[in-house]
Amino acid sequence: MTLVTEASPPRRPAGRKPGGGRRRRAVDHGAWLLVLPALLPILVLSAGPLLYGILLAFTDAQSGRTEPTQWIGGLNFRDLLHDTLFWESFRIGLVWAVGVTVPQFLLALGLALLLNQDLRLRWLARALAIIPWAMPEVVVGIMWRLVYNPDAGILNETLRDFGLGGGRDWLSGLATALPAVIVVGVWAGMPQTTVALLAGLQNTPRELHEAAAVDGAGAWRRFRTVTWPALRPIALAITALNLIWNFNSFALVYVLTSGGPGGRTRLPMLFAYEEAFRYGQFGYAAAMGCVMVAVISIALAVFLAGRLRGGDDA
């Protein structure tokens, strides 16, 4: 007897489906099409101007000149190394950034801990706490100029009522201008830090606090062992962002002092603005921007690396 067997079709490798590669490529293309509407504004409004600014820093671009813009290499950066006024403004910017960020975080942490308690009318207190965040920086600057007014400002009037003098021009004094502006920066930026820390506090499980309290831990020990470890990632992120935002401040200080008196509040952004739009040195101002981006990026990387390494060791 002869057995007739039908040849079986060749088997596909396990886990592979027909047309899988084509389907995967179609999915990839579809994903790019979905991301493209959000990616285009970033490329057009952020990456494009950044690259243009970097290229501009290597040219002699000026306003009002009739000759074509020339490529001059690193000449702007060489001149910038010897510009003592710029490096003085850079020092003032660092003092401003740290002087605003540190008290901003400490006060926001205390306020967030307070608003996280079961208080009466807590919703109203939370709403009032974020009012400075909702106000434009120009409005904040105008309001605080009225507060610091040497003749009829509420600060000098209060000092007179308590017999502590008055009539001081806080924003025009060489010794008081920068501290006065720092106070405004802390007041204006504290709400966003408070909101971030308050969100972290509300995500901390209450069971951990209750277990620590049962073990006899006091308020400080509960904060150190339960609250702070949960807040550490948020605190790291918001502190890094605040350092960047505060160092790059412009509108608030411009409205309050315009960089005066005598350059005591001239932040790097104000210096670059004056070089570009008052003196027309676009290439030189672009070089300043490149240096600021590079230095603050390196400082931020070192800061984050140190904080993350400290968190891993803990």
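Residues numbered from 1 in each chain as written. Predicted model: local features only at pLDDT ≥ 70, side-chain atom pairs only at ≥ 80, totals over all residues. Heavy atoms only, no water.

Peer 1: I would appreciate a short explanation of the packing of aromatic side chains in the present structure.
Peer 2: Describing an aromatic ring pair means giving the distance of the ring centres and the angle of the ring planes. Considering all chains together, one arrives at 17 aromatic pairs under this definition. Judged by centre distance (5.2 Å) and plane angle (65°), the rings of phenylalanine 90 and phenylalanine 247 are edge-to-face. You can see phenylalanine 90 sitting in helix H3 (residues 84-115) and its partner phenylalanine 247 sitting in helix H10 (residues 219-247), a full 157 residues away along the chain. When its relative accessible area of 5% is taken as the criterion, phenylalanine 90 is described as buried. For phenylalanine 247, a relative accessible area of 1% corresponds to the buried category. (Phe/Tyr/Trp six-rings, centres within 6.5 Å; stacked < 30°, edge-to-face > 60°. Helix = DSSP H or I, 4+ residues; strand = E, 2+ residues; numbered from the N terminus. Buried < 20%, exposed > 50% of the residue type's maximum accessible area, 1.4 Å probe, protein only.)

Peer 1: How should I be thinking about the nonpolar core in this particular structure?
Peer 2: Most often, soluble globular proteins have nonpolar side chains that are buried together. Counting 21 residues, the largest nonpolar core has Trp96, Trp144, Tyr148, Val184 and Leu256 as its most contacted members. Sorting the residues of this core by element identifies H3, helix H6 (137-147), helix H8 (177-202) and helix H11 (251-256) as the ones contributing at least two each. Residue contributions to this core peak at 7 residues, all from H8. Contact partners of tryptophan 144, with chain neighbours within four places excluded, come to Val183, Val184, Trp187 and Leu256. (Core = buried A, V, L, I, M, F, W, Y, C linked by side-chain atoms within 4.5 Å. Contact = heavy atoms within 4.5 Å.)

Peer 1: Sorry, what's going on with the pattern of salt bridges here?
Peer 2: Proximity of charged atoms lets side chains of opposite charge pair with each other. As enumerated under the stated definition, the model contains 3 salt bridges in all. Between arginine 91 and glutamate 88 there is a salt bridge, with the nearest N and O atoms lying 2.6 Å from each other. Taken together, the residues span about one helical turn, with arginine 91 and glutamate 88 both in helix H3 at a distance of 3 residues. Using a relative accessible area of 36% as the deciding quantity, one classes glutamate 88 as partly exposed. The partner of arginine 266 in a salt bridge is glutamate 274, with the nearest N and O atoms 3.5 Å apart. A relative accessible area of 22% means that arginine 266 is categorised as partly exposed. Taking the relative accessible area as the measure of exposure, glutamate 274 reaches 11% and is therefore buried. (Salt bridge = Lys/Arg side-chain N within 4 Å of Asp/Glu carboxyl O.)

Peer 1: Would you explain unusual backbone geometry in this entry?
Peer 2: Where the residue is not glycine, phi is negative for most of them; where a peptide bond is considered, it is trans in most cases. Cis geometry is found at the peptide bond from glycine 260 to proline 261, where omega equals -5°. Note on placement: proline 261 falls in the loop between H11 and helix H12 (268-278). Of note, the phi angle at serine 258 is positive, near 55°, even though the residue is not glycine. Tracing the backbone shows serine 258 in the loop between H11 and H12. Residue class for serine 258 comes out partly exposed when judged on its relative accessible area of 40%.

Peer 1: Got a minute to help me understand a nonpolar patch on the surface in this structure?
Peer 2: A surface patch of nonpolar side chains, amounting to about 590 Å² of accessible area, comprises Leu33, Leu36, Leu40, Leu43, Val44 and Leu45. Mapped onto the fold, valine 44 is located in helix H1 (residues 20-56). Judged by relative accessible area, valine 44 falls into the exposed class, the value being 54%. (Patch = residues over 30% accessible without salt bridge, like charges linked within 9 Å, V, L, I, M, F, W, Y side chains within 5 Å. Areas by Shrake-Rupley, 256 points an atom, 1.4 Å probe, with all protein chains shown as cover.)

Read these as layout, nothing more, since geometry by itself doesn't imply function.
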